[in-house]
Amino acid sequence: QVQLVESGGGLVQAGGSLRLSCAASGSIASINAMGWYRQAPGKQRELVAGITSGGSTNSADSVKGRFTISRDNAKNTVYLQMNSLKPEDTAVYYCYTLVWSGYIYWGQGTQVTVSS
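1. Remarks on the packing of aromatic side chains
Consideration 1: Under the definition given, this model contains four aromatic pairs.
Consideration 2: Ring pairing ties together the aromatic residues Tyr37, Tyr96 and Trp106, which thus form one cluster.
Consideration 3: The ring of Tyr94 carries the charged tip of Arg45 above its face, separated from the ring centre by 3.8 Å.
Consideration 4: For Arg45, the ring lying beneath its charged end belongs to Trp106, and the centroid distance is 4.6 Å.

2. Description of the side chain of Glu6
Consideration 1: On the secondary structure map, Glu6 appears in strand 1 (residues 2-7).
Consideration 2: It is Arg45 that comes nearest to the buried, bridge-free Glu6 among opposite-charge side chains, at 8.0 Å.
Consideration 3: Among the polar contacts made by the side chain of Glu6, one reaches the main-chain amide nitrogen of Gly109 at a distance of 2.5 Å.
Consideration 4: Each residue touching Glu6, except ones within four places of it in the same chain, is listed here: Ser21, Cys22, Trp36, Tyr93, Tyr94, Cys95, Gly107, Gln108, Gly109 and Thr110.

Basis of the calculations
- Residues numbered from 1 in each chain as written.
- Predicted model: local features only at pLDDT ≥ 70, side-chain atom pairs only at ≥ 80, totals over all residues.
- Heavy atoms only, no water.
- Phe/Tyr/Trp six-rings, centres within 6.5 Å; stacked < 30°, edge-to-face > 60°.
- Lys NZ or Arg CZ within 6 Å of the ring centre and 35° of its normal.
- Helix = DSSP H or I, 4+ residues; strand = E, 2+ residues; numbered from the N terminus.
- Buried < 20%, exposed > 50% of the residue type's maximum accessible area, 1.4 Å probe, protein only.
- Lys, Arg positive; Asp, Glu negative; His and termini not counted.
- Salt bridge = Lys/Arg side-chain N within 4 Å of Asp/Glu carboxyl O.
- Polar contact = N/O pair within 3.5 Å; in protein donor to acceptor, adjacent residues only side chain to side chain.
- Contact = heavy atoms within 4.5 Å.

Have a look at this one:
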């Protein structure tokens, strides 16, 4: 099993920045990809960005150019640097990890609120 602990959410004004962190523990060797989803009130959970063990990344069009995902394999941690935040980025952000068996583990979620 893999355990995920997130940190870094909070309240920020539009145009500001936040950095989310997600530290993995447990069966680390089984981890393939890691990343972030988000869910706003009344909306479906959507992919924000992901990064594979080899360093390949993908991200939603809505965050391209503003959000950057990175991974520190030595610390088993994935980061999401969020710049130029907009009110529509307000959501609960969930860290995930995809293990080689195809199973997905989720973090507990961290609230990001962007005020206008």
